[in-house]
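Architecture and fold: a report
Here are the chains, one letter per residue:
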Amino acid sequence: MTETQIEVFANCAGLLTRMGFSARAEAAYKDARQPDPVVALVTDAPEMLVGYAVAMVAEDPQAHLPTRSAKVPRAALGKPGDPQFAWWV
């Protein structure tokens with residue numbers, strides 16, 4: 001049975017967190033570039049590590065590799081981990 005997008009991104013967030021990055025999966029991410037809710041991975045990890053994390057945790061990585069991203073504003077400005085980006089398919 002193949003995983004859902006939220007399961008893959010939640011596992012990616014766990015892996016990236018263990019690697020020292022800030023990461024979380026959001027089931028209904030929305031912003032100006034993406035007005036309809038999508039499943040997104042929000043992290044400060046570099047793009048290459050996002051792809052690596054997906055490849056490590058997904059049964060079928062190609063179906064879950066993010067193709068779009070947007071910078072995410074943080075509530076606490078100046079907090080370590082800036083900037084963060086949301087990634088989605």
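These remarks concern the structure in this document. (Residues numbered from 1 in each chain as written. Predicted model: local features only at pLDDT ≥ 70, side-chain atom pairs only at ≥ 80, totals over all residues. Heavy atoms only, no water.)

Details of the side chain of Q5
Along the chain, Q5 falls in helix α1 (residues 5-18). On the basis of relative accessible area, Q5 is assigned to the buried category, the value being 19%. Polar side-chain contacts of Q5 include one of 3.1 Å to the side chain of H64. Contacts of Q5, omitting those with residues within four sequence positions, involve V39, A63, H64 and V89. (Helix = DSSP H or I, 4+ residues; strand = E, 2+ residues; numbered from the N terminus. Buried < 20%, exposed > 50% of the residue type's maximum accessible area, 1.4 Å probe, protein only. Polar contact = N/O pair within 3.5 Å; in protein donor to acceptor, adjacent residues only side chain to side chain. Contact = heavy atoms within 4.5 Å.)

Comments concerning the packing of aromatic side chains
A full pass over the atoms with the stated rule returns 1 aromatic pair. Ring centres of Y29 and W88 lie 5.7 Å apart, and the angle between their planes is 35°; on these two criteria the pair is classed as tilted. Here Y29 is found in strand β1 (residues 23-29), whereas its partner W88 is found in strand β4 (residues 84-88), with 59 residues between them in sequence. (Phe/Tyr/Trp six-rings, centres within 6.5 Å; stacked < 30°, edge-to-face > 60°.)

Considering the environment of P37
For P37, the position within the fold is in the loop between β1 and β2 (38-43). For P37, a relative accessible area of 51% puts it in the exposed group. Sequence separation between P37 and E26 is 11 residues; the distance between their C-alpha atoms is 9.6 Å. Other than its neighbours up to four places away in sequence, P37 contacts A28, Y29 and K30.

Considerations on a nonpolar patch on the surface
Residues M19, Y52 and M56 make up a contiguous nonpolar surface patch of roughly 300 Å² in combined accessible area. Mapping M19 onto the fold places it in the loop between α1 and β1. (Patch = residues over 30% accessible without salt bridge, like charges linked within 9 Å, V, L, I, M, F, W, Y side chains within 5 Å. Areas by Shrake-Rupley, 256 points an atom, 1.4 Å probe, with all protein chains shown as cover. Salt bridge = Lys/Arg side-chain N within 4 Å of Asp/Glu carboxyl O.)

Let's talk about the packing of α1 against helix α2 (residues 47-57)
Two elements in contact, α1 and α2, have axes whose closest approach is 9 Å; the angle formed by their N-to-C orientations is 115°. Judged by the sense of rotation from one axis to the other, the crossing of α1 with α2 is right-handed. Contact residues: α1 offers V8, F9, N11, C12, L15 and L16, while α2 offers L49, A53, V54, M56 and V57. Residues of the contact of α1 with α2, tallied by class, amount to 10 nonpolar, 1 polar and no charged. (Axes fitted to C-alpha atoms, helices over the stretch in contact; angles between N-to-C directions. Left-handed = near helix turned anticlockwise from the far one by under 90°. Nonpolar A, V, L, I, M, F, W, Y, C, P; charged D, E, K, R; others polar.)

Describing the nonpolar core
Core analysis: the biggest nonpolar cluster contains 14 residues, and V8, C12, L16, L41 and V54 have the highest contact counts within it. Counting residues per element, the ones that place at least two in this core are α1 and α2. Ranked by the residues each element gives to this core, the list is headed by α1, at 6 residues. Formed by 8 residues, the second largest nonpolar core is a distinct cluster that contains Y29, V38, A40 and W88. (Core = buried A, V, L, I, M, F, W, Y, C linked by side-chain atoms within 4.5 Å.)

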